[in-house]
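One letter stands for each residue in the lines below.
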Amino acid sequence: MIEKAYRYRIYPNKEQKIQLHKTFGCVRFVFNHYLDRRMKVYETEKRTLGYYDCAKELPGLKKEYPWLKEVDSIALQSTLRDLDDAYKSFFRKDAGYPNFKSKKTHRFSYKTKCVNGNIQYQGRYLKLPKLGVVKTRNKQIPEGRILNATITQEPSGNYYVSLCCTEVEVCVPEKTGCEIGIDLGIKDFAVTSDGRTCPNPKYLNASQKKLARYQRALSRKTRGGANWAKARIKVARIQEHIANQRKDYLQKLSTELIRDYDVICLETLRVKEMMKNHRLAKQIADVSWAEFVRELEYKASWYKKKVIKVDAWYASSQICNSCGAKSGITKDLSVREWICPKCGRKLDRDINAAKNILAEGRKRMIVA
């Protein structure tokens, strides 16, 4: 039994769009109001307001601003929980200090909980609180029990709903007995220890010219005008298309690897540090290593497989997988093949690294 999310694109009518934007605005208002209140209370009284303190004050805020009663009350409570979670992340030093929400981001969302069947999947339609029945085209049937729904409007203007379901049964595939090491890169997205090469599709690069043309057109428009809004949506749709292509590729590849191998060994990539290289920053952002590793990890937990991370400082590219001799020649990224100075074996840079990652991962698995 696991928790799983199902994402659907929805097609609200005019009245439902108005209700959605009212909810987006109210959620943003409540979040900003209580963020400001918590800041002022701390400055004046040197204490912190928690989630329950804010939730007790929410009915009074609704009396002061009656238009807050027009939207889903659970969505307003959820935004208080989001604010509290943001503070907890800050105190754990997992994130920076919470920021005020802006209506200029063009991406809006709110979360609501399933209570007494107010969220239901009805084939071609979804039933949602305060919206009623909304049209959808996704035929994927959610399994398990629905916990909550997150409604989102993307910068392109498209609307989506993510249903979080619990008690979802997963069919665990039979063990294959196979282990693999993976070397992630830019030239090739991934090279495995058994010699398989997964190409880097470079979706951003493929749409770069078209995206640049629409961005130039956007830059010529007067910000805030009707023509500017139309040009902004064109740019956002291209960006969303690129993101969808990337997500589809990563999901399919991660699922394939998890099904084929019981143990997957990877090196720990320090992406933030690597992004400081301005010559490679765009390619590193486009390749999405962190998202790929995240998908492998949660799918491994679903299917009872293992993902082992090797230390970031492990010199996988500089060690000969045959004799263990170390050579610094591969510090130059342009060197794709090299000859071991000790055993004289000709080595492919990426396959050699993948084999070393697998060997190191096996050691860590034995120690653990």
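Read on for an overview of the structure. (Residues numbered from 1 in each chain as written. Predicted model: local features only at pLDDT ≥ 70, side-chain atom pairs only at ≥ 80, totals over all residues. Heavy atoms only, no water.)

**Section: the sheet that holds strand E2 (residues 108–113)**
The pairing of strands in a sheet comes from backbone hydrogen bonds and takes either a parallel or an antiparallel form. With respect to topology, seven strands assemble into an open sheet ordered E2-E6-E7-E1-E5-E4-E3, the strand pairing being antiparallel. In this open sheet, the two edge strands, each paired with only one partner strand, are E2 and strand E3 (120–122). Averaged over all neighbouring strand pairs, the angle between strand axes comes to 35°, with direction disregarded. (Pairing = 2+ DSSP bridges. Helix = DSSP H or I, 4+ residues; strand = E, 2+ residues; numbered from the N terminus. Axes fitted to C-alpha atoms, helices over the stretch in contact; angles between N-to-C directions.)

**Here's the deal with the nonpolar core**
By size, the foremost hydrophobic cluster in this structure holds 72 residues, and its most contacted members are Leu163, Leu184, Phe189 and Ile264. Here the element with the most residues in this core is helix H6 (residues 226–260); it accounts for 10 residues. (Core = buried A, V, L, I, M, F, W, Y, C linked by side-chain atoms within 4.5 Å. Buried < 20%, exposed > 50% of the residue type's maximum accessible area, 1.4 Å probe, protein only.)

**So, the pairing of strand E5 (residues 132–136)**
Where strand E1 (residues 2–11) meets E5, two bridges bridge the pair, whose relative direction is antiparallel. Residue Tyr11 lies in a different strand from E5, and its bridge partner there is Lys135. Summarising the sheet, strand E4 (residues 125–128) and E5 pair through four bridges and their orientation is antiparallel. Opposite Tyr125, over in E5, you have Lys135 as the bridge partner. Where E4 hands over to E5, the hairpin turn is made up of three residues, of which Lys130 adopts a positive phi near 70°.

**Some points on the sheet that holds strand E9 (residues 188–192)**
Pairing in this open sheet of five strands is mixed, and the strands run E10-E9-E8-E11-E12 from one edge to the other. The open sheet is flanked by strand E10 (197–199) and strand E12 (306–310), the only strands paired with a single partner. Each strand axis lies, on average, 20° off the axis of its neighbour in the sheet, ignoring direction. Pairing geometry for strand E11 (residues 263–267) and E12, over five bridges, is parallel. For Glu267, the partnering residue across the bridge sits in E12 and is Val310. Here helix H9 (residues 289–302) sits on the sheet in contact with strand E8 (179–184), E9, E11 and E12, set at roughly 140° to E12. (Contact = heavy atoms within 4.5 Å.)

**Considering the packing of helix H2 (residues 51–64) against helix H3 (residues 73–91)**
Running from N to C, H2 and H3 point in directions that differ by 145°, and their axes come no closer than 10 Å. Of the two possible hands of crossing, H2 and H3 adopt the one that is right-handed. Of the residues in H3, those touching H2 at Tyr51, Tyr52, Cys54, Ala55, Leu58 and Lys62 are Ser73, Leu76, Gln77, Leu80, Arg81 and Asp84. Of the residues contributing to the contact of H2 with H3, the split by class is seven nonpolar, two polar and three charged. (Left-handed = near helix turned anticlockwise from the far one by under 90°. Nonpolar A, V, L, I, M, F, W, Y, C, P; charged D, E, K, R; others polar.)

**Considerations on the packing of aromatic side chains**
Using the criterion set out here, one finds 16 aromatic pairs in the structure. Ring centres 5.5 Å apart and planes at 55° place the aromatic pair Phe90 and Phe91 in the tilted group. Relative accessible area serves as the criterion here: at 54%, Phe91 is assigned to the exposed category. Following the ring pairs from residue to residue traces out a cluster consisting of Tyr87, Phe90, Phe91 and Tyr97. Stacked on the ring of Tyr160, the Lys or Arg Arg7 has its end atom at 4.0 Å from the ring centre. Against the face of Tyr87 rests Arg38, its NZ or CZ located 4.0 Å from the ring centre. (Phe/Tyr/Trp six-rings, centres within 6.5 Å; stacked < 30°, edge-to-face > 60°. Lys NZ or Arg CZ within 6 Å of the ring centre and 35° of its normal.)

**Topic: a positive patch on the surface**
On the surface, Lys210, Arg213, Arg216, Arg220, Lys221, Lys230 and Lys234 cluster together to form a positively charged patch. Residue assignment for the positive patch shows that the elements contributing at least two residues are helix H5 (208–219) and H6. With three residues, H5 is the largest single contributor of residues to the positive patch. Mapped onto the secondary structure, Arg220 falls in the loop between H5 and H6. (Patch = residues over 30% accessible without salt bridge, like charges linked within 9 Å, V, L, I, M, F, W, Y side chains within 5 Å. Areas by Shrake-Rupley, 256 points an atom, 1.4 Å probe, with all protein chains shown as cover. Salt bridge = Lys/Arg side-chain N within 4 Å of Asp/Glu carboxyl O. Lys, Arg positive; Asp, Glu negative; His and termini not counted. Charge placed at Lys NZ, Arg CZ, Asp CG, Glu CD.)

**What about helix H1 (residues 14–45)?**
Spanning 32 residues, H1 covers 46 Å between terminal C-alpha atoms, matching the ideal 46 Å at 1.5 Å per step. One side-chain oxygen at the N-terminal end of H1 lies 3.2 Å from the backbone nitrogen of Glu15; it belongs to Asn13. Count one or two residues on from H1 and you reach Lys46, which has phi positive near 55°. (Expected span 1.5 Å × (residues − 1). Polar contact = N/O pair within 3.5 Å; in protein donor to acceptor, adjacent residues only side chain to side chain.)

**Concerning the pattern of salt bridges**
Enumeration over the complete set of coordinates arrives at 19 salt bridges. Ionic pairing is found between Asp94 and Arg92, a salt bridge with its closest N-O pair at 2.9 Å. Close ionic contact of Glu154 with Arg107 constitutes a salt bridge, the shortest N to O distance being 3.4 Å. Taken as a pair, Glu154 in the loop between strand E6 (145–153) and strand E7 (159–168) and Arg107 in the loop between H3 and E2 lie far apart in primary sequence, 47 residues in all. A residue is classified by how much of its surface remains accessible, and Arg107, at 44% relative accessible area, is partly exposed. Taken together, the shared-partner salt bridges connect Arg7, Arg107 and Glu154 into one network.

**Observations regarding the packing of H1 against H3**
Here H1 crosses H3 at 40°, and the two axes come no closer than 9 Å. Taken together, the axes of H1 and H3 are oblique relative to one another. Two packed elements cross with a definite hand, and for H1 against H3 that hand is right-handed. Residues Thr23, Cys26, Val27, Val30, Phe31, Tyr34, Leu35, Arg38 and Met39 of H1 form the contact with H3, whose own contacting residues are Ala75, Leu76, Thr79, Leu80, Asp82, Leu83, Asp84 and Tyr87. (Parallel < 35°, antiparallel > 145°, perpendicular 65-115°, else oblique.)

**So, the side chain of Thr23**
Mapped onto the fold, Thr23 is located in helix H1. Taking relative accessible area as the criterion, Thr23 reaches 2% and is therefore assigned buried. Discounting chain neighbours no more than four positions away, the residues touching Thr23 are Val71, Ala75 and Tyr110.

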